[in-house]
Amino acid sequence: MIVIRVDASAVTRAQKELSGVKGKVPQALKSAVNTTAKQVRERLVAQAQKAYTVKAGRLKKAVTIKNANVRNLTAVITARGKPMELKDFKTSPASPPKKQRKRAKTRAKVYSVSQLKPLEKNGIKAFVTRFKNGHVSVAQRRTKKRLPIKVLFSTSIPHMIGNEEQVYQIILPDVQRVYGDEVSKQFEKLFAKLRDSV
């Protein structure tokens, strides 16, 4: 979770310095915080997309923003979700073979920089299968017997977004810079309105 917050003392200081537009400062700061949150969300999703082989659409839906308002100048970016199926990442083959007996060696990778690796544990190979309901998954038999099988899972979107080395720490330095730029833009708009009204 990333929290973008305006210190109350900053609001007081800004209001004193901008007495001509005093009542509009919280609104300007709210806009700056919310615009920053949107940009940070986009950067988090883009960086996670670079680091992992998961589809961007899944990331965008899972990362949400609770916007700031004039009473609470805090925007909160949250990532939610359970561990994702391995099929949601890069797998080869991507779909089950048309003939069940002609199963190709199933390989997968979660990190973009990794190589596709064969999926095998204790001599039991994984495979791509389609269930009766049409859902496609990467699965593996629990034993040498045909049944039962288990669907294979990997990491969750909150874990991906919170990955210090691959995602979070890479975009963190941008947060303050983006926020500073947005505050400057919003105050410039206030000054422009003030100049126009004089």
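Residues numbered from 1 in each chain as written. Predicted model: local features only at pLDDT ≥ 70, side-chain atom pairs only at ≥ 80, totals over all residues. Heavy atoms only, no water.

### Notes on the overall build of the protein
Convention followed: Helix and strand definitions here come from DSSP, where helices need a minimum of 4 consecutive H or I residues and strands a minimum of 2 consecutive E residues; each element is numbered from the N-terminal end. Burial classification: accessible surface area is computed with a 1.4 Å probe over protein chains only, and a residue below 20% of its type maximum counts as buried, one above 50% as exposed, and the rest as partly exposed. For this analysis, residues touch if any pair of their heavy atoms sits within 4.5 Å. In this description, accessible areas are obtained by the Shrake-Rupley approach with a 1.4 Å probe, and a residue is regarded as covered only by the protein chains that are shown.
Of the regular secondary structure elements, the protein holds five helices and ten strands. Scored against the burial criterion, the 198 residues of the protein give a buried share of 39%. Sequence separation of 24 or more characterises 60% of the internal contacts of the protein that already satisfy a separation of 6 or more. Approximately 12600 Å² of the protein is accessible, and the part contributed by carbon and sulfur atoms is 51%.

### Some words on the sheet that holds strand 8 (residues 124-130)
The following threshold applies: The pairing criterion is simple: DSSP has to find at least two bridges between the two strands.
On the basis of which strands lie adjacent, the open sheet formed by four strands has the order 7-8-9-10 and antiparallel pairing. Edge strands, defined here as strands with exactly one partner in the open sheet, are strand 7 (120-121) and strand 10 (149-151). Taken together, the two bridges between strand 7 and strand 8 define a ladder with antiparallel strand orientation. Residue pairing in the sheet places K121 in a bridge with I124 of strand 8.

### Remarks on the sheet that holds strand 4 (residues 90-92)
Strands sit in the order 4-5-6 across an open sheet of three strands; the sheet is antiparallel. Only two strands of the sheet have a single neighbouring strand rather than two, namely strand 4 and strand 6 (117-118). As defined by bridge partners, strand 4 adjoins strand 5 (residues 107-109) across three bridges and the pair is classed as antiparallel. By the bridge assignment for strand 5, S92 is matched with R107.

### Points about the pairing of strand 8
For strand 8, a buried count of five out of seven residues is recorded, marking the element as mostly surrounded by other parts of the structure. In this structure, strand 8 lies alongside strand 9 (residues 136-141), joined through five bridges in antiparallel fashion. By the bridge assignment for strand 9, A126 is matched with Q140. Between strand 8 and strand 9, which follow one another and run antiparallel, lie five residues, and G134 among them has a positive phi close to 95°.

### Description of the nonpolar core
The nonpolar side chains of soluble globular proteins are, as a tendency, buried together. Put simply, the rule is: To qualify as a nonpolar core, a set must consist of buried Ala, Val, Leu, Ile, Met, Phe, Trp, Tyr and Cys residues joined through side-chain atoms within 4.5 Å.
One finds I4, L29, V40, L44, Y52, I77 and I157 to be the most contacted residues of the largest nonpolar core, which totals 46 residues. Elements that contribute at least two residues to this core include exactly strand 1 (2-5), helix 2 (25-51), helix 3 (56-62), strand 3 (74-79), strand 8, strand 9, helix 4 (157-161) and helix 5 (164-197). Once you skip the residues sitting within four places of it in the chain, L29 turns out to touch V6, V11, L73, Y179, V183 and F187.

### Here we look at the side chain of T91
Relative to the elements of secondary structure, T91 occurs in strand 4. Judged by relative accessible area, which is 7%, T91 ranks as buried. Residues within four places of T91 in sequence aside, it is in contact with L86, R107, A108 and V138.

### Things to note about unusual backbone geometry
As a rule of thumb, non-glycine residues mostly have phi less than zero, and peptide bonds are mostly trans rather than cis. Cis geometry marks the peptide bond from S92 to P93, where omega comes out at 0°. Relative to the helices and strands, P93 resides in the loop between strand 4 and strand 5. The peptide bond linking L147 to P148 adopts the cis configuration, its omega dihedral lying at 0°. Mapping P148 onto the fold places it in the loop between strand 9 and strand 10. Positive phi, normally seen in glycine, also occurs at N122, with a value near 55°. Structurally, N122 is set in the loop between strand 7 and strand 8.

### With respect to the pattern of salt bridges
Rules: The salt bridge definition used is simple: a Lys or Arg side-chain nitrogen within 4 Å of an Asp or Glu carboxyl oxygen.
Following the criterion strictly, the structure yields five salt bridges and no others. A salt bridge links D174 to R177; the shortest N-O distance between them is 3.8 Å. Highlighted residues: D174 and R177, both in helix 5, separated by three residues, approximately one helical turn. By relative accessible area, which is 25% here, D174 ends up partly exposed. In this structure, a network of salt bridges that share partners links the residues R43, D174, R177 and D181.

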